[in-house]
Amino acid sequence: MLLKMTPLQVLLVRRAILIVTFYLFVNITNCAVTTIEFKNKNVDSKNVSQEKVCETQACIEAASLILKNIDTKAAPCDNFYQFACGKFLKESVIPESKHSVSTFTLAEKKLQQQLRISLERKMDQKAPRTFKVLQSFYNSCSDIAKINETSTNEMLDILKKLGDWPVLVGQSWNASDFDWKKLIYQMRAMGYTEAMNCFIEIGIEISDEKNKRYIITLDQASTGLEQEYLSKGFQNKIVQAYYKYMTNLAEVLGAGEQQSKKDLRDALEFEIDLAKISLSAVDHRNMSLLYNPITLDQLELEYPGISWSEYINQIVLPQTELITSNVLIIVKCVNNRHKYTRSTIDTVS
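Residues numbered from 1 in each chain as written. Predicted model: local features only at pLDDT ≥ 70, side-chain atom pairs only at ≥ 80, totals over all residues. Heavy atoms only, no water.

S.K.: Got a sec to walk through the pattern of salt bridges? Specific residues and values, please.
M.R.: Inspection of the entire model under this criterion finds seven salt bridges. Taking the shortest distance from any N to any O, the salt bridge between Lys262 and Asp263 comes out at 4.0 Å. Taking relative accessible area as the criterion, Lys262 reaches 53% and is therefore assigned exposed. The class for Asp263 is buried, based on a relative accessible area of 18%. Note that Arg265 is salt-bridged to Glu269, the shortest N-O span being 2.8 Å. A residue pair is termed a helical-turn pair when its members lie 3 or 4 positions apart in one helix, as Arg265 and Glu269 do in helix α11 (residues 257-276) at four residues. Classification of Glu269 by relative accessible area gives partly exposed; the value is 26%. One network of salt bridges, in which partners are shared, links Lys262, Asp263 and Asp266. (Salt bridge = Lys/Arg side-chain N within 4 Å of Asp/Glu carboxyl O. Buried < 20%, exposed > 50% of the residue type's maximum accessible area, 1.4 Å probe, protein only. Helix = DSSP H or I, 4+ residues; strand = E, 2+ residues; numbered from the N terminus.)

This is the structure in structure tokens:
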């Protein structure tokens, strides 16, 4: 009998795989850089301590991969990026199903292939329960016939529980009964945690290493397509492909062609507007720009369109609960904080 996993468990498993991929790549790369550094020094290799050189198979393969990507014709002092990655840029082929490729995506692909081999093997009865659950989940996702038979009806049932989807029900959908905050609360209770970030992303972080104080963060929305593409507008070819995907999905669920194109064009234009007033990926990595403390009381005064104490409590419960209005909140969309937050609240409220 196959074990079922909630969407939250699915998300945790996926994130765990990505984290493992990242640390595996970093560790191997560090070993490889050490190897290259010693081999490039003009010293007798016999005088180099063998303890300082990683000569494992993983290090040798990683060093070989890095050397393979280097463009030796480029001068590192003039263009280090071209020197370090020139051959990778020249020789890599982007698949039709992807809009980009990097060493990280290649590492993830290799790891997924290795995981697939492991999951398709017969598992030992003494294997940890976590592995058995993961294999059961994998098997359920591999049953394409079952998925094709039941997935559409399951999706429609979920949408029904959430109050229906206007794209499907058309004029019979009553907008006056809709409250986006209640929809977020309901999706949170059902385990659809990614959907909570469609307007404003809420997170929990540790303020510093010294006092280990937990703080709440408010950030810009996680859009369905990267901000760098959405901000280029509707006519961008990647945005067009995204729009086609949206309408195709709606039609698979039973929406009419004209209705889906009209409604989803409006939804996409709203997402484009959010992307245009969001921080760029570069600015969003600047930690000094992202630290903007504000108390819950101040947040309520500046943006009264939302009951923030209720909203945040509904998201973080049952793990914790805000019991004081002096709790510290960090707003991460600094340059566009007022514009972004007010535009979002005014639009959805």
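S.K.: Can you tell me about the environment of Glu228, naming the residues and giving the values?
M.R.: Within the secondary structure layout, Glu228 lies in helix α9 (residues 227-230). Measuring from C-alpha to C-alpha, the distance between Glu228 and Ser278 comes to 9.9 Å, with 50 residues separating the pair along the chain.

S.K.: Pulling in residues and values, what's your account of the environment of Glu302?
M.R.: Among the secondary structure elements, Glu302 is positioned in helix α13 (residues 296-302). Note on Glu302: relative accessible area 26%, which makes it partly exposed.

S.K.: Any details on the nonpolar core? Residues and values, ideally.
M.R.: Of all hydrophobic cores here, the largest spans 23 residues; its most connected members are Leu299, Trp308, Tyr311 and Ile329. Contributions of two or more residues to this core are made by α8 (180-190), β1 (200-206), β2 (214-220), α13, α14 (308-316) and β4 (328-331). Listed in part, the 16 residues of the second largest apolar core include Val167, Tyr229, Leu230 and Leu264. (Core = buried A, V, L, I, M, F, W, Y, C linked by side-chain atoms within 4.5 Å.)

S.K.: How would you explain the pairing of β2 if you had to name every residue and give the values?
M.R.: Taking burial as the measure, the seven residues of β2 include six buried ones, the bulk of the element. In this sheet, β2 lies alongside β1 in antiparallel orientation, the contact comprising seven bridges. Each bridged residue has a counterpart across the sheet, and for Ile202 the counterpart in β2 is Leu218. (Pairing = 2+ DSSP bridges.)

S.K.: So what about the packing of aromatic side chains? Which residues, and what values?
M.R.: For the structure on display, the rule yields eight aromatic pairs. Ring centres 6.0 Å apart and planes at 45° place the aromatic pair Phe80 and Phe83 in the tilted group. Taken together, the residues Phe80 and Phe83, both in helix α3 (residues 80-91) and three residues apart, mark about one turn of the helix. Cluster of aromatic residues (ring-pair linked, three or more members): Trp180, Tyr185, Phe199, Phe270, Trp308 and Tyr311. The ring of Phe234 is capped by Arg265, whose NZ or CZ atom sits 3.6 Å from the centre of that ring. (Phe/Tyr/Trp six-rings, centres within 6.5 Å; stacked < 30°, edge-to-face > 60°. Lys NZ or Arg CZ within 6 Å of the ring centre and 35° of its normal.)

S.K.: Mind laying out a positive patch on the surface, listing which residues take part and the relevant values?
M.R.: Among the surface-exposed residues, Lys68, Lys73, Lys87 and Lys90 lie close enough to one another that they form a single positively charged patch. Counting through the fold element by element, Lys73 comes out in the loop between α2 (57-69) and α3. (Patch = residues over 30% accessible without salt bridge, like charges linked within 9 Å, V, L, I, M, F, W, Y side chains within 5 Å. Areas by Shrake-Rupley, 256 points an atom, 1.4 Å probe, with all protein chains shown as cover. Lys, Arg positive; Asp, Glu negative; His and termini not counted. Charge placed at Lys NZ, Arg CZ, Asp CG, Glu CD.)

S.K.: An account of the side chain of Asn69 is requested, with residue identities and associated values reported.
M.R.: Tracing the backbone through its elements, the reader meets Asn69 in helix α2. Sequence-distant contacts of Asn69, that is, excluding residues within four places in its chain, are made with Phe83, Ala84, Cys85, Gly86, Lys87, Phe88 and Thr103. (Contact = heavy atoms within 4.5 Å.)

S.K.: I'd love a proper account of unusual backbone geometry, names of residues and values included.
M.R.: In this structure, Asp164 takes a positive phi of about 75° despite not being glycine. Inspection of the secondary structure assignment puts Asp164 in the loop between α6 (144-161) and α7 (166-169). Its relative accessible area of 28% is what places Asp164 among the partly exposed residues.

S.K.: Explain the state of the cysteines to me, and be specific about the residues and the numbers.
M.R.: One pass over the structure, following the stated rule, counts one disulfide. The disulfide partner of Cys54 is Cys59, and the gap between their sulfur atoms is 1.9 Å. In this structure the cystine formed by Cys54 and Cys59 twists about its S-S bond by roughly 85°; its chirality is therefore right-handed. Assigned by exposure class, Cys54 and Cys59 land together as buried. (Disulfide = S-S within 2.5 Å.)

S.K.: Describe α8, naming the residues involved and giving the relevant values.
M.R.: Taken residue by residue, α8 has Trp180, Lys181, Ile184, Tyr185, Met187 and Arg188 as its buried positions. Viewed along the axis of α8, the buried residues span an arc of 165°, placing them on a single side of the element. When the buried face of α8 is taken as reference, the exposed residues oriented beyond 90 degrees from it are Lys182 and Ala189. (Arc of directions from axis to C-beta.)

S.K.: Can you break down a nonpolar patch on the surface residue by residue, with the values?
M.R.: On the surface, Ile204, Ile206 and Tyr214 cluster together to form a nonpolar patch covering roughly 330 Å² of accessible area. If you trace the backbone, Ile204 turns up in strand β1. Ile204 gets classed as partly exposed once you look at its relative accessible area, which sits at 48%.

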